[in-house]
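Fold and contact review
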Amino acid sequence: MKDFDHLQTPVYVLDEARLRKNLELIGGVAADGDVEIILAYKAFALWKTFGIFRDYIRSTTASSLFEARLAFEEFGAPAHTYSPAYTDDEIADLARMSSHLTFNSWSQYERHRQRAHAANADISLGIRINPEYSEVGTLLYNPCAPGTRFGVTADCLPAYMPSDIEGFHCHCHCESGSDVFERTLAHIEAKFARWFPQLKWINFGGGHLMTRKDYDLPLLLRLLKDFKQRHPHLKVILEPGSAFAWQTGELVAQVVDVVEDKGIRTAILDVSFTCHMPDCLEMPYMPQVRGAKIIEDALVDDADHRRHVYRIGGNSCLSGDFMGSWQFDHELSVGERLVFEDMLHYTTVKTTMFNGIRHPSIALCRADGSMEVLREFTYEDYKSRMD
């Protein structure tokens, strides 16, 4: 447990030792499973830490021109790029900065393939497939939901791939276990294995949460090895995002007020769920708060169980910028620090300055225990967004 009382809030704190532990595990899976595992920027794009990542991985995955540029210029390697749609004015630059470029549809492939080849003669093109199967329960995050805009179904594929389509890309998971991958893989092979002999690689996307404590790593390795035995010519790629930054850092906030209405007390912080932790509202899920336990109802009848119970409210003007309820072992006071656990993935990449609320700073706790502030945000950062 770290003491954050000396830090100016709000601040995200990334722990290098925990990050390296995740990277070592991921590197071991890649080696033992004979696959390539790459970082997805959509979950974590803190480029000042790329020096750490380069000790363990060789490539990253991009979903836009800016992410591809980050890969090319800051990570130092061309990106594995996929986007739902590429534009005419971006495709040449995207291809130039990518080693792999996956198209979401046949129309996108036909429109952009020639310009992609002209910009990068060595680029490897792929098509995203939709296996029409996903166990992601939250519809907002389910890429295979009916009516999805992602990928091509098996019935829409030609009998023979165009000669320059070298790979398939699919994404069906969200913080999923290897048992989910096992069931999904059966659907993928049943629908698409007939085309595998025509390909060089297959990318099984993200959502493989292999650094979670209860994740079944032996099952994942068995699935990967068995797949390689069945299709030895195919290079297998995984591109998780959350797995890299899982449980590697906290968001430290401060209580700035406590208000009460209709028997519900709300501790208002100097952070915002909608601005700084949007997945908590979108997913939704209740984050862990250090030193507190989640309870079901802020209006429990038993007086003892109502003790020290609070909703937590953000400091934006959005009415729904709150979550609850947590029970503490003491009364909260203004100025007190609250620590949200596991707040590095899908946060720093999604923060907004809605209401002009200042972004939390970003700090790195080095392996030797020293603290380095990587970035602080100012009024000029907010103003520049309106230029």
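Residues numbered from 1 in each chain as written. Predicted model: local features only at pLDDT ≥ 70, side-chain atom pairs only at ≥ 80, totals over all residues. Heavy atoms only, no water.

A word on the packing of helix H6 (residues 178-192) against helix H7 (residues 217-230)
Definition in use: For helices, the fitted line uses only the C-alpha atoms of the stretch in contact; every axis is such a line through C-alpha atoms, and the angle between N-to-C directions lies from 0 to 180 degrees. Per the convention used, a helix needs a DSSP run of H or I reaching at least four residues, while a strand needs a run of E reaching at least two, with both numbered from the N terminus. Each angle is binned into one of four classes, with values under 35 degrees roughly parallel, values over 145 roughly antiparallel, values of 65 to 115 roughly perpendicular, and all other values oblique. With the far helix as reference, a near helix turned anticlockwise by less than a right angle produces a left-handed crossing, and one turned clockwise produces a right-handed crossing. Contacts are assigned to residue pairs that have any heavy atoms within 4.5 Å of one another. For this classification, Asp, Glu, Lys and Arg are treated as charged, while Ala, Val, Leu, Ile, Met, Phe, Trp, Tyr, Cys and Pro are nonpolar and the rest, including Gly, are polar.
Where H6 contacts H7, the axes come no closer than 9 Å and their chain directions differ by 20°. With respect to H7, the element H6 is oriented roughly parallel. The way H6 lies across H7 gives a crossing that is left-handed. Judged by residue contacts, Ser 178, Asp 179, Phe 181, Glu 182, Leu 185 and Glu 189 of H6 engage Leu 219, Leu 220, Arg 222, Leu 223, Leu 224, Phe 227 and Arg 230 from H7. Partitioned by chemical class, the residues of the contact of H6 with H7 number seven nonpolar, one polar and five charged.

A word on the packing of aromatic side chains
How we decide: Aromatic rings from Phe, Tyr and Trp, taking only the six-membered ring of Trp, are treated as a pair when their centres fall within 6.5 Å; an angle between ring planes under 30 degrees marks them as stacked, one over 60 as edge-to-face, and anything in between as tilted. Here's how the labels work: a residue is buried when its accessible area is under 20% of the maximum for its type, exposed when over 50%, partly exposed in between, all with a 1.4 Å probe on protein chains only.
What the rule picks out here adds up to 15 aromatic pairs. Here Phe 44 and Phe 53 contribute two aromatic rings whose centre-to-centre distance is 5.8 Å and whose plane-to-plane angle is 35°, an arrangement assigned as tilted. Taking relative accessible area as the criterion, Phe 44 reaches 0% and is therefore assigned buried. Phe 53 gets classed as buried once you look at its relative accessible area, which sits at 0%. Here Phe 181 and Phe 204 contribute two aromatic rings whose centre-to-centre distance is 5.3 Å and whose plane-to-plane angle is 70°, an arrangement assigned as edge-to-face. Of the two residues, Phe 181 is situated in helix H6 and Phe 204 in the loop between strand S9 (201-203) and H7; the sequence distance between them amounts to 23 residues. Accessibility expressed as a relative area gives 0% for Phe 181, which makes it buried.

Examining helix H5 (residues 106-119)
The following threshold applies: Expected span of a helix: the number of residues minus one, times 1.5 Å. Two axes enter the bend calculation: one fitted to the seven residues ending at the residue in question, the other to the seven starting there, and the bend is the angle between them.
The terminal C-alpha atoms of H5 lie 20 Å apart, and with 14 residues this matches the ideal 20 Å at 1.5 Å per residue to within 8%. By the largest-angle criterion, His 112 marks the main kink of H5, which is about 50°. Those residues of H5 that fall on the buried side of the exposure criterion are Trp 106, Gln 108, Tyr 109, His 112 and Ala 116.

Brief notes about the nonpolar core
Under the convention used in this document: To define a nonpolar core, start from buried Ala, Val, Leu, Ile, Met, Phe, Trp, Tyr and Cys residues and group those joined through side-chain atoms within 4.5 Å.
With 97 residues, the main nonpolar core has Phe 168, Phe 204 and Phe 340 as its most contacted residues. No other element matches H7, which puts six residues into this core. Those residues in contact with Phe 168 that lie beyond four places of it in its chain are Ile 127, Ile 129, Leu 157, Met 161, Phe 192, Trp 195, Phe 196, Leu 199, Trp 201, Ile 202 and Asn 203.

Remarks on the sheet that holds strand S6 (residues 98-103)
As a reminder of what qualifies: At least two DSSP bridges between two strands are required for those strands to pair.
An order of S2-S10-S9-S8-S7-S6-S5-S4-S3 is seen for the nine strands of this open sheet, with the pairing classed as parallel. Strand pairing shows two members of the sheet lacking a second neighbour, strand S2 (36-37) and strand S3 (39-40), which therefore form its edges.

A look at the pattern of salt bridges
When their charged atoms lie close together, side chains carrying opposite charge are able to pair. Operational definition: Should a side-chain nitrogen of Lys or Arg be within 4 Å of a carboxyl oxygen of Asp or Glu, the pair is scored as a salt bridge.
Inspection of every chain in the model, using the stated rule, returns 28 salt bridges. Between Arg 183 and Asp 179 there is a salt bridge, and its shortest N-O distance comes to 3.4 Å. One end of the pair is Arg 183 and the other is Asp 179, both in helix H6 and four residues apart, which spans about a single turn. Arg 183 gets classed as partly exposed once you look at its relative accessible area, which sits at 36%. Look at Asp 179 and you get partly exposed, because its relative accessible area is 35%.

Notes on the pairing of S6
Applicable threshold: Crossover handedness is defined by viewing with both strands directed away from the observer: a clockwise path from the first strand over the helix to the second marks the crossover as right-handed.
By the criterion of burial, S6 is predominantly enclosed, with five of the six residues buried. Judged from the four bridges that link them, strand S5 (residues 79-82) and S6 form a sheet pairing that is parallel. Directly across from Tyr 82, in S6, lies its bridge partner Thr 102. Once the chain exits S5 it traverses helix H4 (residues 91-96) before rejoining the sheet at S6, and the crossover so formed is right-handed. With four bridges connecting them, S6 and strand S7 (residues 124-128) associate as parallel partners. Bridge pairing in S7 places Leu 101 opposite Leu 125. Crossover connection from S6 via H5 to parallel S7: handedness right-handed.

As for unusual backbone geometry
With omega at -5°, the peptide bond leading from Thr 9 into Pro 10 counts as cis. Mapping Pro 10 onto the fold places it in the segment before strand S1 (11-15). Residues Met 283 and Pro 284 are joined by a peptide bond in cis, for which omega reads -20°. Inspection of the secondary structure assignment puts Pro 284 in the loop between helix H10 (278-282) and strand S13 (293-294). With a phi angle near 55°, Tyr 346 is a residue other than glycine that sits in the positive phi range. Here Tyr 346 shows up in the loop between strand S16 (337-340) and strand S17 (361-365).

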